[in-house]
Amino acid sequence: RYHLSHPQILFKDGRGGLIDDYREAYWWGRDNTPVDARVLSWWDYGYQISGIAKRTTLADGNTWNHEHIALLGLVLTAPPDEAHALARHLADYILVWTGGGSDDLGKSGHMARIATSVFGGHCAESDCNAFGVYGNGHPSPSMAASLIYRLCGSSFGGPEELFREVYVSSHGKVRVVQVLGVDDASRRWAADPAHRECDAPGSWYCPGRYPPQLQRLVDAAGRRPAGSAPAAVPEGDAGDDDDFGAAAAGGDDAEVA
């Protein structure tokens, strides 16, 4: 309880050196992005982004909306072109923790699992067991094709026409990329107070709505009723379907680490 109430974003490496990457990254965002910039990250870092970087984040530890978290998981674990189709209506930047340990690549199985719980067919199986790293150290086809895999490598894997790397922390623990081709209409729609849905005038409880074009993409991604089975992917077809949100998983589930 004491440990969780005193979160640390600084730590020492094995030789006693100070690793200050996370605070450095948030301060970089504070000093080098527009004040109205929107930052997409996994929800673990939402409070840090809003509290230290002073920027709008799309989710934090108080985000109760499972479908919204699933959408962020879908963006991060989908192939880059599909991820960009959604991200350009949501965010100006994407921030990820990299460099091993409890980084976002290690958490990406959870992202994919939460995504497929809402968007049927994102993974070929209900538990996304084939989204991960095989025992030989190689990524599964679905992970290798994902945006998060390209974001968390030692160097950014692109594509540079969709995302531009703008920051890497001194020890490579944080990477920030800019979302190119942000949809201005969706940005203006989301910023308009008239489009907020609150439970009472002046209330802090405002779940909000997605811009119309984003909502159409969300619907097209294959939302399924809660409790229903995800769409099956025929054997041999994994990774070959060009439809939005198609599964790219494959290989022997027993070999996944």
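One can find the structure itself at the top, above this paragraph.
Residues numbered from 1 in each chain as written. Predicted model: local features only at pLDDT ≥ 70, side-chain atom pairs only at ≥ 80, totals over all residues. Heavy atoms only, no water.

Chemist: Looking at this model, I keep getting lost on the packing of aromatic side chains. Mind explaining?
Modeler: Inspection of the entire model under this criterion finds 4 aromatic pairs. Centre to centre, the rings of W28 and Y167 are 5.0 Å apart; their planes meet at 25°, and the pair counts as stacked. Of the two residues, W28 is situated in helix α1 (residues 21–32) and Y167 in strand β6 (residues 163–168); the sequence distance between them amounts to 139 residues. (Phe/Tyr/Trp six-rings, centres within 6.5 Å; stacked < 30°, edge-to-face > 60°. Helix = DSSP H or I, 4+ residues; strand = E, 2+ residues; numbered from the N terminus.)

Chemist: I would appreciate a short explanation of a nonpolar patch on the surface in the present structure.
Modeler: A cluster of nonpolar residues, W64, W204 and Y205, forms a patch on the protein surface that exposes about 440 Å² of accessible area. In this fold, Y205 is placed in the loop between α8 (184–191) and α9 (212–220). (Patch = residues over 30% accessible without salt bridge, like charges linked within 9 Å, V, L, I, M, F, W, Y side chains within 5 Å. Areas by Shrake-Rupley, 256 points an atom, 1.4 Å probe, with all protein chains shown as cover. Salt bridge = Lys/Arg side-chain N within 4 Å of Asp/Glu carboxyl O.)

Chemist: Explain the pairing of strand β5 (residues 93–97) to me, please; I cannot follow it from the model alone.
Modeler: Successive residues of a regular strand alternate their side chains across the two faces of the sheet. For β5, the buried fraction is high: 5 of the 5 residues fall into the buried class. The two faces of β5 match: Y93, L95 and W97 on one face and I94 and V96 on the other face are all buried. Summarising the sheet, strand β3 (residues 38–40) and β5 pair through 2 bridges and their orientation is parallel. In the strand pairing of β5, L40 is matched with I94. The pairing of β5 with strand β7 (residues 174–179) spans 5 bridges and is antiparallel. Looking at β7, one finds that Y93 is bridged to Q178. (Buried < 20%, exposed > 50% of the residue type's maximum accessible area, 1.4 Å probe, protein only. Pairing = 2+ DSSP bridges.)

Chemist: Is there a simple way to explain the environment of H68 in this structure?
Modeler: By secondary structure assignment, the location of H68 is in helix α3 (residues 66–77). In this structure the C-alpha to C-alpha distance between H68 and A115, which are 47 residues apart in sequence, comes to 9.3 Å. Ignoring sequence-local partners within four residues, the contact set of H68 consists of L58, A59, T63 and Y210. Within the local environment of H68, its side chain forms a polar contact with the backbone oxygen of L58, the two atoms lying 2.7 Å apart. (Contact = heavy atoms within 4.5 Å. Polar contact = N/O pair within 3.5 Å; in protein donor to acceptor, adjacent residues only side chain to side chain.)

Chemist: Would you take a moment to explain the packing of α1 against helix α2 (residues 46–53) for this structure?
Modeler: Any two packed helices are characterised by the angle at which their axes cross and by the distance between the axes. Packing of α1 against α2 brings their axes to within 9 Å, and their N-to-C directions diverge by 55°. Classified by the interaxial angle, the pair formed by α1 and α2 is oblique. Considering how the two elements wind past one another, α1 and α2 form a crossing that is right-handed. The segment α1 lies against α2, with Y26, W27, G29 and R30 engaging Q48, I49, I52 and A53. (Axes fitted to C-alpha atoms, helices over the stretch in contact; angles between N-to-C directions. Parallel < 35°, antiparallel > 145°, perpendicular 65-115°, else oblique. Left-handed = near helix turned anticlockwise from the far one by under 90°.)

Chemist: Could you clarify how one ought to interpret the sheet that holds β3 in this entry?
Modeler: Two modes of strand pairing occur in sheets, parallel and antiparallel, and in both the strands are linked by backbone hydrogen bonds. Pairing in this open sheet of 5 strands is mixed, and the strands run β4-β3-β5-β7-β6 from one edge to the other. What marks the edges here is a single partner per strand, and that holds for β4 (56–57) and β6. Pairing between β6 and β7: 5 bridges, direction antiparallel. Within β7, the residue paired with E165 across the bridge is V177.

Chemist: So what exactly am I meant to see when it comes to the packing of α3 against helix α4 (residues 80–87) here?
Modeler: Where α3 contacts α4, the two axes come as close as 7 Å, and the packing angle between them is 140°. In this view, α3 runs oblique relative to α4, as classed from their interaxial angle. Contacts from L71, L74 and V75 of α3 reach α4 at A83, L86 and A87. In the contact of α3 with α4, the residues fall into 6 nonpolar, no polar and no charged. (Nonpolar A, V, L, I, M, F, W, Y, C, P; charged D, E, K, R; others polar.)

Note that all results are geometric; they support no functional claim without further evidence.
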